[in-house]
Amino acid sequence: MTAEPVTTHQSPSPAQAPPTVRASLSPSRAADFKTCPLLYRFRSIDRLPERTTIEQARGTLVHAVLERLFDLPAPGRTPAAAGDLVAPQWDRMVTEQPELAGIFEGAEPAGPVEFLRSAAGLLEGYFAVEDPTRLEPAERESLISAVVDEELLIRGYLDRLDVAPDGALRVVDYKTGGAPREAFEARALFQLKFYALVLWRTRGVVPKVLRLLYLRDAEVLDYTPDAEELVRFERTVVALWRAIEQATARQDFRPRPSRLCDWCSHQALCPSFGGTPPPFPVAVAGADPLRDARSAPATPGADD
């Protein structure tokens, strides 16, 4: 699908949302609650810090390179050009977030070198599944948002949106992890349906394709939603919101152990691992139960 360039569309920010809106939710935080209510509490209510992992930093770096790759003229979007962007983009990231330099503490001496090499390898996976010289994305890293149920602002950042000459939309999401396993695939599709719902509610168009590009294994997963499915999905999102409201009112966020616990940063505080959560923040009582902990949705690639 080629695309005609259009002006980047950004829906109103939470601060500009209609006065009836009293909560906001991103796909990452909604997926947290679906996966484990206690994880949602740790991230959105307790706002516990999480150290960036090498894998998360690599995902963010690859996303940054792919975003800037499309700044180049189409003929110049080559594997070599993408590779040349890796080191400068990493330098920019470390300048903006000096703490990233610490992710290699305790790693082998070749850690930083191997990190950049592995990022370049993921870019090779991208070129194996897509030819960027034939694409002109309409939007990249675009913030979109919509109000559902009159009170809830749902929002997120699209990795890429392609718009065909006939107006058809294709949402593209880059994944730097391995080939999709069932649990991760479900989370990824939940995220894309979230974006599809926002686009449908704000632009009146159901995306024709939701595409996941798994760069490590050079695999493509396409999904085609329809309006009826998005209506059902909207009900799911609203039901999640109400469940979070109830859990907050009761101060009751229970762990839900799963295979994803292996990647959790908060096992030491989780009852499933013998830990004890911190006292429930007093300031949360009577406050907005769904306002995202982050001022913006997750950094691109951070959740891969």
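Here, the structure is the one placed above.
Residues numbered from 1 in each chain as written. Predicted model: local features only at pLDDT ≥ 70, side-chain atom pairs only at ≥ 80, totals over all residues. Heavy atoms only, no water.

*Asks:* Mind laying out the packing of helix α3 (residues 54-69) against helix α5 (residues 111-129), listing which residues take part and the relevant values?
*Replies:* Their axes nearest at 10 Å, the elements α3 and α5 cross at an angle of 50°. Classified by the angle between their axes, α3 and α5 sit oblique to one another. Here the hand of the crossing between α3 and α5 comes out right-handed. For the pair α3 and α5, the contacting residues are Ile54, Ala57, Arg58, Leu61, Val62, Val65, Leu66 and Leu69 in the first and Phe115, Leu116, Ser118, Ala119, Leu122, Leu123, Tyr126 and Phe127 in the second. Split by residue class, the contact of α3 with α5 holds 14 nonpolar, 1 polar and 1 charged. (Axes fitted to C-alpha atoms, helices over the stretch in contact; angles between N-to-C directions. Helix = DSSP H or I, 4+ residues; strand = E, 2+ residues; numbered from the N terminus. Parallel < 35°, antiparallel > 145°, perpendicular 65-115°, else oblique. Left-handed = near helix turned anticlockwise from the far one by under 90°. Contact = heavy atoms within 4.5 Å. Nonpolar A, V, L, I, M, F, W, Y, C, P; charged D, E, K, R; others polar.)

*Asks:* Please set out the pattern of salt bridges residue by residue, giving values where relevant.
*Replies:* Applying the stated criterion across every chain, the model contains 22 salt bridges. Its salt-bridge partner being arginine 201, residue glutamate 234 comes within 2.5 Å of it at the nearest N-O pair. Residue glutamate 234 is located in helix α7 (residues 227-250), and its partner arginine 201 is located in helix α6 (residues 182-203); the two are separated by 33 residues in the primary sequence. For glutamate 234, a relative accessible area of 13% translates into the label buried. Salt bridges linked by common partners bring Arg29, Asp32, Arg43 and Glu50 together as one network. (Salt bridge = Lys/Arg side-chain N within 4 Å of Asp/Glu carboxyl O. Buried < 20%, exposed > 50% of the residue type's maximum accessible area, 1.4 Å probe, protein only.)

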